[in-house]
Amino acid sequence: MMNVVDSALKIARDDLNRLKSGADVEYLRYSKMGLKIDMTRGIPSPQQIGLSTALLDVSLASDYLSEDGTDSRNYGGQQGLLEARRLFSPIVGVPEEQIVVGGNSSLALMYECLAQAWRHGTPDSECAWSQEPGGISFICVTPGYDRHFAMCEDFGVRMISVPMLDDGPDMGLVKRLVANDSSIKGIWCVPKYSNPTGTTYSKEVVEALAAMPTAAKDFRIFWDNAYVVHPLAEVDDSLENIYMQAARHGHSNRPLIFASTSKMTLPGGGIALLASSKDNTAWWLKAAALRSVGPDKVNQLRQVRFLRSPEKIKELMEQHRQMLQPKFERVHEVFSRMLGDYGVAQWSRPRGGYFVSLEVLPGTAKRVVDLAAQAGVKFATPGSCFPYGVDERDSQLRIAPSYPEMAELTTALDVISICVAKAAFDRLSAIAAASGFIE
Ligand SMILES: Cc1ncc(COP(=O)(O)O)c(C=O)c1O
């Protein structure tokens, strides 16, 4: 991002006053339209959900037994049905015996892992994480997923920010931190099509995470692979297998891998999984038995019979891609057209996932969101992609283009662009005036 004063100087020569009044006029025009658009969260559109309507028709009435004879209608089967674990094994790269399928939400599994470590420690811990004398910390790659950070806040886990680079977290910094600070027990990673930047971790980054020495012997990588089969480009990114790498370096207990069918089939009505080492799987199952007599195997069987195979999942995700890709393309088109000339914003062009990360002129993100809300477009919570909700530069905003239909999305993007420009020109004018560049 260009330095604010540099931008002011450059634009001042191009007549900042004219740009500022142009943005004011456009903003007023949109403000009078009575818009009411909400694109705050990245959820699938009704058309995408429609791709899985047939799931609702999968009848088990005459065939409710799983492959190994388990009666899906009854209690038991804490680890999840064999065919569900087998379906996801090649997708997450962990043997089916070390996969647990349970519940409808991967986020809930992450929460439970943290809670279990908090109450009792992990298989490698000397004590419960809650009993560590100086408290514990997690590395949070920023910008990142707000719900990960909210979870840490809820448990009183200190958060240490590490910037996201083009190929994943800044590993130089991560390695230094974990090598020297035994209070650091974990790191949050969304390794493929990361939320919100769309970054896929490089092979080198995954290897480094798997291999790095850590002062905490019970260090865990919370590997939230929410977008494992969610490309937007024709060719899917490939992601190095964290479990195999960690095992190769003698750290097989390090990664806790999560995924779900939330953004494949029906969000909230899907199935979620935890894949990890044998020790971690046993640790999880022991805890799970305390809070449930078994998972919903009926839904597992329905999901598996609908999804069928990794190849069929790929075909379904191609249909999602066809619906999502034009929306992401539209984001780039509108931002390029409306903001491309001024150097006051940058945005990511993700090859997959659900989000675009927008960087506006430092010091204007909150104002952009306020302006857009006043014009009837709700689209982001400033600071939400940072620990404690604080973006010190006040410059990053998350765009979620998946839900609105195209015309509404285009209008929302127009409004957002005008707000970005208006907030920037107002700020630059103020800076320029204070520096004596403009009367
Ligand atoms: C990175 C990430 N992880 C997890 C989730 C939620 O997944 P689930 O529905 O399986 O709880 C989301 C949803 O937006 C997400 O973006």
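These numbers were taken from a predicted model, which means no experiment stands behind them.

**Q** Could you clarify how one ought to interpret the side chain of lysine 297 in this entry?
**A** Residue placement: lysine 297 occurs in helix α11 (residues 297-307). Among buried charged residues, lysine 297 stands out as having no salt bridge; its nearest opposite-charge side chain is aspartate 296, 7.2 Å away. A distance of 2.5 Å separates the side chain of lysine 297 from the backbone oxygen of asparagine 74, its partner in a polar contact. In this structure, lysine 297 is in contact with Thr70, Asp71, Ser72, Asn74, Tyr75, Gly76, Gly77 and Leu81, ignoring residues within four places of it in sequence.

**Q** Where do I start with the domain arrangement of the chain in this structure?
**A** Interface size is commonly expressed as the accessible area that is lost once the parts come together. As assigned here, the chain comprises domain 1 (4-48 + 314-435) and domain 2 (65-307). Spacing between the C-alpha centres of domain 1 and domain 2 amounts to 32 Å. The interface of domain 1 with domain 2 comprises 26 residues on the first partner and 33 residues on the second. Carbon and sulfur atoms make up 61% of the area that domain 1 and domain 2 hide from each other, which totals about 2,500 Å².

**Q** Would you explain the pairing of strand β11 (residues 356-360) in this entry?
**A** Taken residue by residue, a regular strand's side chains alternate between the two faces of the sheet. Of all 5 residues that make up β11, 4 are buried, and the element is covered over most of its length. By the bridge criterion, 3 bridges tie strand β10 (residues 345-347) to β11 in an arrangement that is antiparallel. Residue pairing across strands places tryptophan 347 opposite leucine 358, the latter belonging to β11. As judged from the 4 bridges shared by β11 and strand β13 (residues 396-399), these two strands associate in the antiparallel manner. Considered in β13, the bridge of leucine 358 is made with leucine 397.

**Q** Hey, could you run me through the environment of leucine 256 in this one?
**A** Turning to its location among the elements, leucine 256 is positioned in strand β8 (residues 255-260). For leucine 256, a relative accessible area of 2% puts it in the buried group. Residues leucine 256 and tyrosine 388, spaced 132 residues apart in sequence, show a C-alpha to C-alpha distance of 24 Å.

Cut-offs and rules
- Residues numbered from 1 in each chain as written.
- Predicted model: local features only at pLDDT ≥ 70, side-chain atom pairs only at ≥ 80, totals over all residues.
- Heavy atoms only, no water.
- Helix = DSSP H or I, 4+ residues; strand = E, 2+ residues; numbered from the N terminus.
- Buried < 20%, exposed > 50% of the residue type's maximum accessible area, 1.4 Å probe, protein only.
- Lys, Arg positive; Asp, Glu negative; His and termini not counted.
- Salt bridge = Lys/Arg side-chain N within 4 Å of Asp/Glu carboxyl O.
- Polar contact = N/O pair within 3.5 Å; in protein donor to acceptor, adjacent residues only side chain to side chain.
- Contact = heavy atoms within 4.5 Å.
- Domains from an automatic or database assignment.
- Buried area = accessible area lost by both parts, 1.4 Å probe.
- Pairing = 2+ DSSP bridges.

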